[in-house]
Each structure stands twice: as structure tokens, then as C-alpha cells.
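Breakdown of the fold
Here is what each chain is made of, one letter per residue.
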Amino acid sequence: MSSAAAKPILYSYFRSSCSWRVRIALALKGIAYDVVPVNLLKDGGQQFSAEFKAVNPMQQVPALKIDGITLSQSLAIIHYLEDTCPNPRLLPQDLKKRAQVRMIADHIVSGIQPLQNLSILKQMGEKKMEWARNCIASGFQALEQTLQHTAGRYCVGDEVSMADLCLVPQVFNAERFKVDMGPYPTITRINKALLELEAFKVSHPSLQPDTPAELRA
């Protein structure tokens, strides 16, 4: 089998929100893949191994080997999947809605998630829970306001988009860090609707090959 025809390989950590975004996209598009777990906590972080650094010099998950190339950064991976496997589409055809999807995705992946990422929390010591809650709450206040203008059933209208792939893992993080979701009814409603979809269920952190037994669904 040629490298172009080989099954994609996803380097993933069960609880990584960035990895989860890509797992959702692969599931939605019906792309079968193999998983290589990268435990971000074990052995000081397996992402720092020489073996994984050769895969992704940024030493972060996810990374996806596909079609003879290796991609990192979740949105870059999802954009490639969108370009090469356009159905079902994750970017609306309407240009204004497409811009809104990209805006919301960037709001989450650039404006919220990096501030509560593992590498940052390690620097915060005993204040890490408070720091994460504050960062997520601040981002969610703005996101809730934005979604009140863009949402239908999902983040932008009634079709699942790239924005939704970013939203669900971020709400999972918020719940992990015990963020009060009361002030964010639109986020909560959309998240609940998305979690009813099969692609979001099968990609959930509780159902991954590397999910610890005590956290499995």
C-alpha cells in the first residue's frame, strides 16, 4: 500500500481538546484512522520524547499523518480534511456565515483554550483551577454574546460547522474546571444538541483507546 493510500494516523491524547476537534472532524467525514496515544502526563509528558518531536517539533497533540504528509495544529488539520473531503461540509457556502464560523473557531482556539492549556497551568501552581475558570469564563462571556447573534440549532445556523467542533471540547474543559455554566444558556443549549450527534459521541474523551479505566463511559 502506498503512503498516499495508507490509513491516516492520529497522534492524540484522550482529554486533549485540540485532539478531540480533529476526532470529531474525522468521524463526521467518515474517515477511518489509527490512533497513536501520546500521554501528556506520563513519563514527564510523552510529547517531549525524541520520537514524538520527530513527528511534531512543537511537541503538541494532535498530529495527523495523512496522504504522505504530517500535519499539526487542529484547525490546519480540519481545513485539510475540509479541502480533501468536502462532504459533509464544515464551512458554510454563504461567505458571511463562513466568516462567522471562522471567527467563533478562532475565538475559542486562540482566545480561550491556550490560556488554560496544560503548559500554562503547570506555571500557575496552586492557582491553576482559579486561573482556568477565570480565563474560560471571560471567553465565554464574549462567546455567549456572539452566539446570540449567529446561532440556530448550532453555532452558526442549523448546520454543524468548524465552530461546533471547537465549542464542545471547550465546554468539556469548562466543566472539568468547574466553571458555572448558568450565565451561558446559548452555549449550554448548543453543546447539548451537539452531544446528541454520533460523531461527537464516538470521539468523546470517555471512549478513546487511551482513556483510563476510571474515566471510561
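In this report, the structure presented in the accompanying data block is examined. (Residues numbered from 1 in each chain as written. Predicted model: local features only at pLDDT ≥ 70, side-chain atom pairs only at ≥ 80, totals over all residues. Heavy atoms only, no water.)

**Side note on the overall build of the protein chain**
When helices and strands are counted, the protein chain shows 9 helices and 4 strands. Counting helices and strands in the order they occur from the N terminus, the protein chain gives β-α-β-α-β-β-α-α-α-α-α-α-α. Whereas a compact globule of 217 residues would reach a radius of gyration of roughly 17 Å, the protein chain reaches 17 Å, a difference of no more than 12%. For the protein chain, the C-alpha atoms occupy an extent of roughly 50 × 45 × 30 Å along the three principal directions. Long-range pairs, those at least 24 residues apart, make up 67% of the contacts in the protein chain between residues at least 6 apart in sequence. Taken as a whole, the protein chain presents about 10,900 Å² of accessible surface, with 53% of it coming from carbon and sulfur. Here the protein chain contributes 24 positively and 20 negatively charged side chains, and the mean placements of these two sets differ by 2 Å. (Helix = DSSP H or I, 4+ residues; strand = E, 2+ residues; numbered from the N terminus. Rg over C-alpha atoms; globule rule 2.2 N^0.38 Å. Contact = heavy atoms within 4.5 Å. Areas by Shrake-Rupley, 256 points an atom, 1.4 Å probe, with all protein chains shown as cover. Lys, Arg positive; Asp, Glu negative; His and termini not counted. Charge placed at Lys NZ, Arg CZ, Asp CG, Glu CD.)

**A short note on the packing of helix H6 (residues 128–150) against helix H8 (residues 185–194)**
Look at H6 against H8: their axes get within 8 Å of each other, and the N-to-C directions meet at 75°. In terms of axis orientation, H6 runs roughly perpendicular to H8. Every residue of H8 that contacts H6 at Phe140, Leu143, Glu144, Leu147 and Gln148 is listed here: Pro185, Thr186, Ile187 and Ile190. (Axes fitted to C-alpha atoms, helices over the stretch in contact; angles between N-to-C directions. Parallel < 35°, antiparallel > 145°, perpendicular 65-115°, else oblique.)

**A closer look at the sheet that holds strand S2 (residues 34–37)**
Here 4 strands make up an open sheet; going across it, the order is S2-S1-S3-S4 and the pairing mixed. This sheet does not close on itself; its edge strands, each paired only once, are S2 and strand S4 (69–72). Taken over all neighbouring pairs, the strand axes of this sheet differ in orientation by 20° on average, direction set aside. Sheet topology places strand S3 (residues 63–66) next to S4; 4 bridges connect them, and they run antiparallel. (Pairing = 2+ DSSP bridges.)

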